[in-house]
Amino acid sequence: MENTSSSSDAHVLIIPFPAQGHVTPMLSLAKLLSFSGVFTTFVNTESIHRRLSGSSGLTDRRRLRFRAVPDALTGDGGGNTRDFDFPSRFFNLQESMRSGSTEAYKKLLTEELIGEWPPVTCVIADGILDYAIEVAGEVGIPTLVFRTSSPCCAWAFASVPSLIHHGIIPFPEECDMDEIVKGVEGMEGILRRRDLPSFMRMVKSTEDKHIKLMNGFNSKLIIGKAIIFNSFDALDPTLLPIMSSYYPPIFTIGPLHILTKSLNISNEEEEEQQEPGINPSLISLLQEDRTYMTWLDNQPDQSVIYISFGTVAVLSPEQFIELWHGLINSGHRFLWAVREDLVKGKEEIEITKEMEEGTKERGCMVEWVPQEEVLAHRAVGCFLTHSGWNSTLEGMVAGVPMICFPYFSDQMINSRFVSEVWRIGLDMKDVCDRNIVERMVRKVMEESALELRSSTARMADLARKSVEENGTFSC
Ligand code: UDX
């Protein structure tokens, strides 16, 4: 992509849901648009804006400016455990954002700007940020909806009525979780009950709030002028044409982090560049710890398992211990990003001598790392992940085979696609036992290493091609 220095009057306002997994890809898009000459306003909540500004010095540029709207007061959803009341928490958050942020947001949409900045002509709103989509519609600004999850997940949510019709949800009592389900067009023969987005497991009746939640995710997709996914066509050659026949135009513009990385390289090369480098993928809401780097540099090629469960997933003390033992018993080296709040009830963990010594010998645990950089390191040979969409794309592009241990929502279906459709990893869903962890690690690092590495390399190649000059990237 080149800087066209367009004199266009286009001014795009981009507004993500306030969470790292949403801010990162949408900020990548903001950077790309501003680099192409489009005036771009990026809107965070105040607390996210403060945290990002503190860690990375986000400052306004000639065609990219950052603004904030007040934070919403979050309702108590019962804590972040696997079975917390996500719908209630989500609905409360939506309501408080609507009441707390609408005024400031509307002002940004309609304000008269001074200097060369034209008024806002288009909004790109997060597909799960209801008030942002609705308010833009009310003031008559065309809106594109950016869905930060995978297309396959969005399509599963769209299939809720069909899944109800086929008697798949609510799940019958004591049903077979491994049974292949009907009802998701284009995914026949692929999905088992356990691979459906986790909210479907929690549905008790057709009136259930989880149904309202999933239908809500889908309904926002159909009211915009177009839908944007951080994905690429070669990933879903069957699914995307089906989705296109039901939805407004779909643009697959990813993997965005490849594009922003190439901008950063060209920024360094061209000193006169007007928009100096911010790398959205290096903009983190958590403090980075770089002590891992020296350790990683000293490990042999493809010898290390990198473990991270993103920004939301929570493990029980038992799961943490089983994973830890499995890693040690595998005999392989590991680098584990253990977020401060990763384990709920971590005071219950008893660290044995075996765990301590095994880690000292072959492991490294840090709180937070720049993940893209770690995945691209020559020493990393396997990614044990929660299958969040950003992590899945990052692992795929880096050509690192995955072991998936999904936590909730879209991660259940992403992990199935990783193992059964894209064949770039193994799915350990719903099981956390040290023997299985060890077996999975050995399979990825030893027995199936060649096969998995070559299919992941193929996928990485397709991802890169999609964002080349004549690739499928369209924006
Ligand atoms: C959430 C949902 O969990 C996910 O399923 C959805 O697709 C997006 O929103 P999250 O759990 O944070 O996201 O996972 P993911 O989408 O993988 O994003 C995590 C981001 O944090 C990645 O970009 C990753 O590079 C970054 N990260 C993670 C770090 O930079 N350092 C770390 O140590 C761990």
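In this text the structure is predicted, and so the values were computed from the model without any measurement.

Reading guide: rules and limits
Here, residues in each chain are numbered from 1, in the same order as that chain's written sequence. Local features in this predicted model are restricted to residues whose pLDDT is 70 or higher, and side-chain atom pairs enter the listing and the counts only when it is 80 or higher, whereas totals over whole chains, interfaces and linings include all residues. Helix and strand definitions follow DSSP, with helices as H or I runs of at least four residues and strands as E runs of at least two, each counted in order from the N terminus. By definition here, a helix of n residues has an expected span of 1.5 Å times n minus one. Residue burial is a threshold on neighbouring C-beta atoms within 10 Å of the residue's own C-beta, all placed from the backbone, with 20 or more meaning buried, 12 or fewer meaning exposed, and counts in between meaning partly exposed. Residue pairs are scored as contacts if the distance between their C-beta atoms, which are placed from the backbone, is within 7 Å. Residues of type Ala, Val, Leu, Ile, Met, Phe, Trp, Tyr and Cys that are buried and joined through C-beta atoms within 7 Å form what is called a nonpolar core. Any two strands with at least two DSSP bridges between them are considered paired. Axis definition: a line fitted to C-alpha atoms, over the contacting stretch in the case of helices. Angles run 0 to 180 degrees between N-to-C directions. Working rule for angles: under 35 degrees goes down as roughly parallel, over 145 as roughly antiparallel, 65 to 115 as roughly perpendicular, anything else as oblique. When the near helix sits turned anticlockwise from the far one by under a right angle, the crossing is termed left-handed; a clockwise turn instead gives a right-handed crossing. Residue classes follow a fixed rule: Ala, Val, Leu, Ile, Met, Phe, Trp, Tyr, Cys and Pro count as nonpolar, while Asp, Glu, Lys and Arg count as charged, and any other residue, Gly among them, counts as polar. The C-beta atom of each residue is placed using the backbone, and any residue whose C-beta lies within 6 Å of a molecule or strand is treated as near it. Each domain's extent is set by a domain assignment, obtained either automatically or from a database.

Undergrad: Could you clarify how one ought to interpret helix α11 (residues 317-330) in this entry?
TA: Spacing of three or four residues puts side chains on the same side of an α-helix, whose turn is 3.6 residues. Along its 14 residues, α11 runs 20 Å from first to last C-alpha, staying within 8% of the 20 Å computed at 1.5 Å per residue. Every buried residue belonging to α11 is among F320, I321, L323, W324, G326, L327, I328 and S330, and all of these are buried. Those residues of α11 hidden inside the fold are in contact with β8 (304-308), β9 (333-337), α12 (353-362) and α16 (434-447). Just downstream of α11, G331 is the residue with a positive phi angle, here 80°.

Undergrad: Can you walk me through the nonpolar core in this structure?
TA: The nonpolar side chains of a soluble globular protein tend to be buried, and buried together. If you look at the biggest cluster of nonpolar residues, it comprises 133 residues, and the most contacted ones within it are A125 and I403. The leading source of residues in this core is helix α1 (residues 20-35), at 8 residues. In contact with I403, not counting residues within four places along its chain, are C382, L384, G425, L426, M428, M440, V441 and V444.

Undergrad: I'm lost on the sheet that holds strand β10 (residues 363-366) in this one. Help?
TA: Sheet strands pair via backbone hydrogen bonds, and the direction of the pair is either parallel or antiparallel. Across the sheet, 6 strands lie side by side as β10-β9-β8-β11-β12-β13; this open sheet has parallel pairing. Both edges of this open sheet fall to β10 and β13 (425-427), since each of them pairs with a single strand only. Strand-to-strand twist across the sheet, computed as the mean angle between neighbouring axes with direction ignored, equals 15°. For β8 and β9, the ladder comprises 4 bridges, and the chain directions are parallel. Within the sheet, the bridge partner assigned to V304 lies in β9 and is R333.

Undergrad: Teacher, can you tell me more about the packing of helix α5 (residues 151-158) against helix α15 (residues 411-421) here?
TA: Packed helix pairs are characterised by how far apart their axes lie and by the angle those axes make with each other. With their axes 9 Å apart at the nearest point, α5 and α15 run at an angle of 125° to one another. Comparing their axes, α15 and α5 come out oblique. When the axes of α5 and α15 are compared, the crossing they make is right-handed. Contact residues: α5 offers C152, C153 and A156, while α15 offers I413, N414 and F417. For the contact of α5 with α15, a count of residues per class yields 5 nonpolar, 1 polar and no charged.

Undergrad: What am I meant to see in the site of the ligand here?
TA: The ligand sits among 27 residues. The nearest are G21, G310, Q371, G388 and S391. Residue assignment for the shell around the ligand shows that the elements contributing at least two residues are α1, α13 (371-375) and α14 (389-398). When grouped by side-chain class, the residues that make up the shell around the ligand number 8 nonpolar, 16 polar and 3 charged. Residue assignment places the shell around the ligand across two domains, with domain 1 (11-283) and domain 2 (292-465) each supplying three or more.

Undergrad: When you look at the domain arrangement of the protein in this model, what are you seeing that I'm missing?
TA: Frequently, the measure chosen for interface size is the accessible area that the parts lose on association. Per the domain assignment, the segments of the protein are domain 1 (11-283) and domain 2 (292-465). Relative to domain 2, the C-alpha centre of domain 1 lies at a distance of 25 Å. Only α1, α5 and α9 (256-269) provide two or more residues apiece to the side of domain 1 that touches domain 2. Here the side of domain 1 that touches domain 2 takes 4 residues from α1, the largest share from any one element.

Undergrad: What's the story with unusual backbone geometry in this structure? I'm lost.
TA: With glycine set apart, most residues show a phi of negative sign, and most peptide bonds adopt trans. The peptide bond linking I169 to P170 adopts the cis configuration, its omega dihedral lying at -5°. A cis amide bond, omega -5°, links G254 with the succeeding residue P255. Checked against the element boundaries, P255 lands in the loop between β7 (250-252) and α9. In the Ramachandran plot, S409 falls in the positive-phi region, its phi being about 50° despite a non-glycine side chain. Note on placement: S409 falls in the loop between β12 (402-404) and α15. The phi angle at D430 is positive, at roughly 70°, despite the residue not being glycine. Here D430 shows up in the loop between β13 and α16.

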